[in-house]
Amino acid sequence: MADKTFAEINAKIQAGKAVVVTADELVQLVAEKGVGPAAKEVDVVTTGTFGPMCSSGAYFNFGHSAPRIKFHRVWLNGVPAATGFAAVDAFMGATALPDDDPLNTNHPGDFRYGGGHVIEDFVAGKSVRLKVLGYGTDCYPRRELETTVNLDDLNEAVLFNPRNAYQNYACAVNTGPRTLYTYMGVLKPGLGNAHFSTSGQLSPLLKDPYFRTIGLGTRIFLGGGIGYVVWNGTQHFPAIPALPEGAPPVPSGGTLAVLGDLKQMSPKWLRGTSMLGYGATLTVGIGIPIPILNEEICYYASRPDSELYAPIIDYAEAYPNRKPGNLGQVSYAALKSGAITLDEKEVPTAPVSSYHKAREISAILKQWLLEGKFLLGEPVQLLPGPDAGIKPKSLEIRGSGRRNG
Amino acid sequence: MAPNKIVLRFPASIADKPIIFHLVKDYDLMINILKAHINPHKEGTMVLEVEGVRAEDGLAFLRDQGVGVQPLTEEIVWNEERCTHCGACTAICPTRALYVERPAMLVHFDSEACVVCQLCVRACPMRAMEVRF
């Protein structure tokens, strides 16, 4: 089969003739017809994921007050936003917490409201309290400001997530003697439960493991609006680890940096999230279209949950202390079944990202493509893949030389 | 007779007395202690499931001892609007009142199976589980 091009597929989308299926549907289709016929038939496969993604945030330009103020410190609904940009720009990170939050002083802390909740309130159209301190300059004389703002008042509001859509993620367990409160949820002692957090066979980057189609300029479903892949995510480690014998190779840790107009987005797909004992974050809805340019792309996009594996990581000891190694690999089919066997013990499993919502996202994106209102963005540059040889770096703690002096 | 969920309130003066055991010994009741708590003022609260022919006599005995007896009106409410069906509550729920329907991966809440332990209320990342009195 001759390779299809982005331009050819876009022409079919515009003509209303493109064949679009969700990744779930492609799994079925390939199981029935085989990869070759499916690759010929299908133009685009849609993926989806809806899970907590801490490396998320939004930047805003608030417009200028009279007299003007240069933002030195900023709070939105009591949550500090980052300054250090131009006068009235600020960035709200998803995990930012109010200065007076009790944190984990009464462990486990509730973290009921943080940066992710501020972003949700903005997209829900709510008024948000803005408090600013300046230090006064000749061009920006005001030193203090308090008002309310909503999304329509702002010049720009842009969701900019430095690391989203993790290709694959740990299955988190707890071998220790006490309950752990983590970003992977509440982990009961003695292998009491196992939590996982990707949508498996619907997960965007598991379906294009070699980054053959996703790159800078890929147009995506982001938070209910249209967004773009703008770079690889931070901690982009797309290498392929060794897996159990007979299992197909699956990369572990590619990530995406994504960006989109917050004003198009919806609180249904951007949700402030509170992880007990850990902190606040943002649950982000992302859907990525994968053009079926050839059979190889179709093959990887059609891999089912039974062929996709997650590493089992112990959050009692290995994870917090950055100790290498894991307790083995487990397929998403097993994880989704409700229980896995570990150490001869049946361990109940539960997801912390919503497969139900991921499926809804893949269906919405499919609809957009079928209606011809969403065209594929052809990357101006693909992202580094498994063969790029990227190795994780860690932070070494070096002595200052003055510790004892 | 179907089990009956009740809330007992023990004043500080009797919080250290053996009372519940009389329900079993004298009234032949099957009891299931769902939750028990003594506050810093030494007042006790207990959520109890009681089953047996002489349940009403047993409760009358508790009232005679100065124990406040009320039906369990505290309940957990699932705010389906807020729920994203992520599933993070399901492995924590001790009675499987919160469970995942497969293969749709939809979260369901069976309020009949709920013992109001409230673990889900704090564990739910979306704050979709609420206590109602």
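Residues numbered from 1 in each chain as written. Chains lettered and ligands numbered in written order. Predicted model: local features only at pLDDT ≥ 70, side-chain atom pairs only at ≥ 80, totals over all residues.

Peer 1: Honestly, the overall build of chain A in this entry has me stumped. Any pointers?
Peer 2: Within chain A one finds seven helices and 26 strands. Relative to the 2.2 N^0.38 estimate, which gives 22 Å for 405 residues, the radius of gyration of chain A is 23 Å and therefore close to what a compact globule would have. For the C-alpha atoms alone, the extent of chain A along its principal axes is close to 70 × 60 × 40 Å. Counting every position in chain A, which comprises 405 residues, the buried fraction comes to 48%. A separation of at least 24 residues holds for 74% of the contacts in chain A among residues at least 6 apart in sequence. (Helix = DSSP H or I, 4+ residues; strand = E, 2+ residues; numbered from the N terminus. Rg over C-alpha atoms; globule rule 2.2 N^0.38 Å. Buried ≥ 20, exposed ≤ 12 C-beta atoms within 10 Å, placed from the backbone. Contact = placed C-beta atoms within 7 Å.)

Peer 1: How do you make sense of the interface of chain B and chain A when you look at a structure like this?
Peer 2: Reports often express the size of an interface as the amount of accessible area lost when the parts come together. Across the boundary between the two partners, chain B contributes 18 residues, which contact 26 residues of chain A. Among the residues forming the side of chain B that touches chain A, the class breakdown is eleven nonpolar, four polar and three charged. (Nonpolar A, V, L, I, M, F, W, Y, C, P; charged D, E, K, R; others polar.)

Peer 1: What exactly am I supposed to notice about the domain arrangement of chain B here?
Peer 2: Segmenting chain B into domains produces domain 1 (4-71) and domain 2 (75-132). A separation of 28 Å is found between the C-alpha centroids of domain 1 of chain B and domain 2 of chain B. (Domains from an automatic or database assignment.)

Peer 1: It is not clear to me how the domain arrangement of chain A should be interpreted in this structure. Could you clarify?
Peer 2: Residue and element names in this part refer to chain A. If you check the domain split of chain A, you get domain 1 (6-53 + 159-377) and domain 2 (57-150). Here the C-alpha centre of domain 2 lies 31 Å away from the C-alpha centre of domain 1. Listed by contribution, the elements that provide at least two residues to the side of domain 1 that touches domain 2 are β10 (156-164), β19 (270-275) and β20 (279-287). For the side of domain 1 that touches domain 2, the leading source of residues is β19, giving six residues.

Peer 1: Whenever I open this one, the sheet that holds strand β9 (residues 144-149) of chain A confuses me. Can you help?
Peer 2: Sheets are built from strands that pair by backbone hydrogen bonding, the pairs being arranged parallel or antiparallel. Residues and elements named next belong to chain A. Pairing in this open sheet of four strands is antiparallel, and the strands run β6-β5-β8-β9 from one edge to the other. Each edge of the sheet is formed by a strand with only one pairing partner; in this case those strands are β6 (79-81) and β9. If you compare each strand with its neighbour and ignore which way they point, the axes differ by 25° on average. Two strands pair when backbone bridges link them, and strand β5 (residues 73-76) and strand β8 (residues 128-133) are joined in this way by four bridges, in the antiparallel orientation. Note that in β8 the partner of Leu76 across the bridge is Leu130. (Pairing = 2+ DSSP bridges. Axes fitted to C-alpha atoms, helices over the stretch in contact; angles between N-to-C directions.)

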